[in-house]
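Inside the fold
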Amino acid sequence: MTLTAPPPTPVTRPADRPARKRRRPASGSPATRTLVSAVDLDRHRVAYLVVLGLTLVAFCLVFLFPLYWMATGALKSPQEFAQNPPTLVPHTVHPGTYATAWDSMRIGRYFLNTVGYALGGWLVQLTVDVAAAYALSKLRPAFGRVVLAAMLASLMLPAAALLVPAYLTVTDVPLLHVNLLNTPWALWLPAAANAFNIYVLKRFFDQIPDDLLDAAEIDGAGRLRVLWAVVLPLSRPVLGVVSIFAIIGIWKDFLWPLLVLQDPDSQTLSVALSRLANTSQVPPTQFLAGLVIASAPMIAIFLIFQRSIIGGLSAGSLKG
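Calculation notes
Residues numbered from 1 in each chain as written. Predicted model: local features only at pLDDT ≥ 70, side-chain atom pairs only at ≥ 80, totals over all residues. Heavy atoms only, no water. Salt bridge = Lys/Arg side-chain N within 4 Å of Asp/Glu carboxyl O. Helix = DSSP H or I, 4+ residues; strand = E, 2+ residues; numbered from the N terminus. Buried < 20%, exposed > 50% of the residue type's maximum accessible area, 1.4 Å probe, protein only. 1 Å grid on protein atoms, 1.4 Å probe; cavity = no way out; pocket = protein on both sides within 12 Å on 5 of 7 lines; lining within 4 Å. Points joined across faces, edges and corners; volume = space filled by probe spheres on them. Nonpolar A, V, L, I, M, F, W, Y, C, P; charged D, E, K, R; others polar. Contact = heavy atoms within 4.5 Å. Axes fitted to C-alpha atoms, helices over the stretch in contact; angles between N-to-C directions. Parallel < 35°, antiparallel > 145°, perpendicular 65-115°, else oblique. Left-handed = near helix turned anticlockwise from the far one by under 90°. Core = buried A, V, L, I, M, F, W, Y, C linked by side-chain atoms within 4.5 Å. Phe/Tyr/Trp six-rings, centres within 6.5 Å; stacked < 30°, edge-to-face > 60°. Lys NZ or Arg CZ within 6 Å of the ring centre and 35° of its normal. Patch = residues over 30% accessible without salt bridge, like charges linked within 9 Å, V, L, I, M, F, W, Y side chains within 5 Å. Areas by Shrake-Rupley, 256 points an atom, 1.4 Å probe, with all protein chains shown as cover.

Moving on, we get to the pattern of salt bridges. Counted according to the given criterion, the structure contains five salt bridges. Lys202 is the salt-bridge partner of Asp206, the closest N and O atoms lying 3.0 Å from each other. Here Lys202 and Asp206 lie together in helix H9 (residues 195-206), a separation of four residues that amounts to about one turn. Glu217 is the partner of Arg223 in a salt bridge, and the nearest nitrogen-oxygen pair spans 3.0 Å. Residue class for Arg223 comes out partly exposed when judged on its relative accessible area of 46%.

Our next topic: the layout of surface pockets. One number sums up the size of the largest pocket: a volume of about 1100 Å³. In this structure, the largest pocket is lined by 30 residues; those nearest its centre are Ala159, Leu162, Pro190, Ala191 and Asn194. Looking at the lining of the largest pocket, the elements that each hand over two or more residues are helix H6 (144-154), helix H7 (163-171), helix H8 (185-192), H9, helix H12 (236-252) and helix H13 (255-260). At five residues, H12 tops the list of elements feeding residues into the lining of the largest pocket. Taken together, the residues of the lining of the largest pocket break down into 23 nonpolar, five polar and two charged.

What follows concerns unusual backbone geometry. Omega for the bond connecting Asn84 with Pro85 falls within 30 degrees of zero, at 5°, which places this linkage in the cis form. Residue position: Pro85 is located in the loop between helix H3 (78-81) and helix H4 (96-104). A positive phi angle, near 60°, is found at Phe143, a position not held by glycine. Structurally, Phe143 is set in the loop between helix H5 (107-139) and H6. What makes Phe143 exposed here is its relative accessible area of 66%. The backbone of His177 shows a phi angle near 55°, a positive value even though the residue is not glycine. Relative to the assigned elements, His177 resides in the loop between H7 and H8.

As a further point, take the side chain of Lys202. Accessibility expressed as a relative area gives 15% for Lys202, which makes it buried. Residues in contact with Lys202, not counting those within four places in the same chain, are Ala133, Leu136, Ser137 and Leu148.

We now examine the packing of H6 against H9. For the pair H6 and H9, interaxial distance at closest approach is 8 Å and the crossing angle is 130°. As the angle between them shows, H6 and H9 are arranged oblique. By crossing handedness, the relation of H6 to H9 is classed as left-handed. Mapping the contact onto sequence places Leu148, Met151, Leu152 and Ser154 in H6 and Ala195, Ile198, Tyr199 and Lys202 in H9.

So, about the environment of Ala277. Checked against the element boundaries, Ala277 lands in helix H14 (residues 269-279). Note on Ala277: relative accessible area 33%, which makes it partly exposed. Along the sequence, Ala277 and Phe287 sit ten residues apart, while their C-alpha atoms lie 6.8 Å from each other.

Here we come to the environment of Val242. Within the fold, Val242 resides in helix H12. In this structure, the C-alpha to C-alpha distance between Val242 and Phe196, residues 46 residues apart in sequence, is 9.3 Å. Contact partners of Val242, with chain neighbours within four places excluded, come to Leu126, Asn197 and Leu201.

Attention now goes to the nonpolar core. The biggest cluster of nonpolar side chains holds 24 residues, and the ones touching the most others in it are Val130, Leu201, Phe205, Val226 and Val231. Secondary-structure elements contributing two or more residues to this core are H5, H9, helix H10 (210-218), helix H11 (223-234) and H12. Ranked by residue count, the leading element in this core is H5, at six residues. Discounting chain neighbours no more than four positions away, the residues touching Leu201 are Asp129, Val130, Ala133, Val238, Leu239 and Val242.

We now examine the packing of aromatic side chains. Working definition: an aromatic ring pair is given by the centre-to-centre distance plus the angle between the planes. Scanning all chains against the criterion turns up seven aromatic pairs. Between Phe59 and Phe63 the ring centres are 5.9 Å apart and the planes differ by 10°, which places this aromatic pair in the stacked class. Here Phe59 and its partner Phe63 are both found in helix H2 (residues 45-73), four residues apart, which amounts to about one turn of the helix. Phe63 gets classed as exposed once you look at its relative accessible area, which sits at 52%. When the ring of Phe111 is compared with that of Trp251, the centres are 5.3 Å apart and the planes differ by 80°; the resulting orientation is edge-to-face. Separated by 140 residues along the polypeptide, Phe111 in helix H5 and Trp251 in helix H12 bring together distant segments of the chain. These aromatic residues form a ring-pair network of at least three members: Phe65, Tyr68 and Trp69. Residue placement shows Lys76 over the ring face of Trp69; its charged tip is 4.5 Å from the ring centre.

This part takes up a nonpolar patch on the surface. On the surface, a cluster of nonpolar side chains totalling about 790 Å² of accessible area is made up of Phe59, Val62, Phe63, Leu64, Leu67, Ile299, Phe302 and Leu303. Residue assignment for the nonpolar patch shows that the elements contributing at least two residues are H2 and helix H15 (284-314). Counting residues per element, the nonpolar patch draws most heavily on H2, which supplies five residues. Mapped onto the secondary structure, Val62 falls in helix H2.

Structure (structure tokens):
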């Protein structure tokens, strides 16, 4: 009689075992770690809504109330504006104050001056910053990292510390020995090399695959052609952000234009309003109207392009 051995029991390997499914919340969304768990939020939803509402009201009061006070103060009469305690809502509305301020304070001329300075500064700044970022990102010159580190180190210096050397430079440009005071170049050249914009552009250019640039070079494109035909079309989001920052920076700047634009006819809107408020008998309501006119374009630009600003800053920050 022949004995037959039982068949061997198959050994289950860890790879053959069915994978355990991860538990998901009841809502079906993937689990995420937050400061306050979803269970606590459901348990204390009323308190959460109260805290959220109070936070929103506090932020609105801090950021929006000064704008409301400026806009409504221009609509008041000078007598009502001087009342103590002040009125939150104008008793009588005088919308003609804006037209009077536009004519009597020559806001139209200074407005055009500021627009010209902003557009010219945007063009000069974009040209210099794109060229510098492209060279540091794709051309990789010698000591490029040292140059980038020096640019970023300049961001650690307060702006007031750079006023004196920058002023001495524009009064007597090295090698050229030209005085740039009361000229647009006194605003454009110091703002051209913006370390923050160069860093943002470089970080975006780093995410552009080198294969695209190599393919363009194989087709016979030079460095400038690659920049113009390949890099810039792919960089429209970040170029829009840098453009907005450049225009807003020149528009709202006050201290530097006050130093280099001493001719009243060439001053920006912010400098002209400050000079007129100190040297002429301008009613406070007309001065507030001028401030509203000066602030309205930048507020409108931010409200229109706020999504582009956030999206452009985050573009290129993640790979894939």
